[in-house]
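Close look at the chain arrangement
Residue-level listing of the chains:
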Amino acid sequence: MFFDTLLTKARIGPYYFVNKHMMKKATVAGTAPTLVELEEGKTYYWCSCGNSVGQPWCNGAHKGSDFTPNAFTAEESKKAAICLCKQTSNPPYCDGSHANA
Ligand code: FES
């Protein structure tokens, strides 16, 4: 009954719930975004688990976990603030969530 009311994201200790599924929270890889020069048309794989040593990009360290990289293709060449705290609600871009990480 309790879990039926969790239709969105909720955090409890080191875990969070998304639509009734319990998942471990991502590792905070940094408490500020990193500025990256994106190249138009290039596909990137943003690390969502926080365990990659090649931040902010996936290096396969998520294997065996609930996490998968977030693939995106840059629509234009530009400098962008990429999330390292892994709490952003607009991946891979920083939304200021690191203030609470
Ligand atoms: S290493 Fe973090 S999502 Fe792949």
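Values in this document were obtained by computation on a predicted structure and should not be read as measured data. (Residues numbered from 1 in each chain as written. Predicted model: local features only at pLDDT ≥ 70, side-chain atom pairs only at ≥ 80, totals over all residues.)

1. A look at the overall build of the protein chain
Looking only at helices and strands, the protein chain has zero helices and seven strands in total. The N-to-C order of helical and strand elements in the protein chain reads β-β-β-β-β-β-β. Considering the protein chain as a whole, with its 101 residues, one finds that 20% of them fall into the buried category. Across the protein chain, every contact between residues at least 6 apart in sequence was considered, and the portion connecting residues at least 24 apart equals 46%. (Helix = DSSP H or I, 4+ residues; strand = E, 2+ residues; numbered from the N terminus. Buried ≥ 20, exposed ≤ 12 C-beta atoms within 10 Å, placed from the backbone. Contact = placed C-beta atoms within 7 Å.)

2. A look at the confidence of the model for the protein chain
Low-confidence regions, as indicated by low pLDDT, have predicted coordinates that should not be scrutinised in detail. Mean pLDDT over the protein chain: 86, with 77% of residues reaching 70 or higher. Within the model, pLDDT remains below 50 along residues 1–8, and this stretch shows four contacts once partners closer than five positions in the same chain are excluded. (pLDDT = per-residue confidence, 0-100.)

3. Comments concerning the nonpolar core
Note on soluble globular proteins: their nonpolar side chains tend to be buried together. By size, the foremost hydrophobic cluster in this structure holds 11 residues: A26, W46, C47, C49, C58, F67, I82, C83, L84, C85 and C94. When neighbours within four sequence positions are excluded, L84 is seen to be in contact with A29, G30, A32, P33, T34, Q55 and P56. (Core = buried A, V, L, I, M, F, W, Y, C linked by C-beta atoms within 7 Å.)

4. A few points about the environment of P91
For P91, the location among the structural elements is in the segment after β7 (78–82). Look at P91 and you get partly exposed, because 18 C-beta atoms sit within 10 Å. In this structure the C-alpha to C-alpha distance between P91 and F72, which are 19 residues apart in sequence, comes to 9.2 Å. In this structure P91 touches W46, S48, N70 and C83, once residues within four positions along its chain are discounted.

5. A word on the environment of N51
For N51, the position within the fold is in the loop between β5 (43–46) and β6 (70–73). Note on N51: 19 C-beta atoms within 10 Å, which makes it partly exposed. Separated by 22 residues in sequence, N51 and A29 have C-alpha atoms that sit 7.0 Å apart. With residues up to four places along the chain from it excluded, the contact list for N51 reads T27, A61 and H62.

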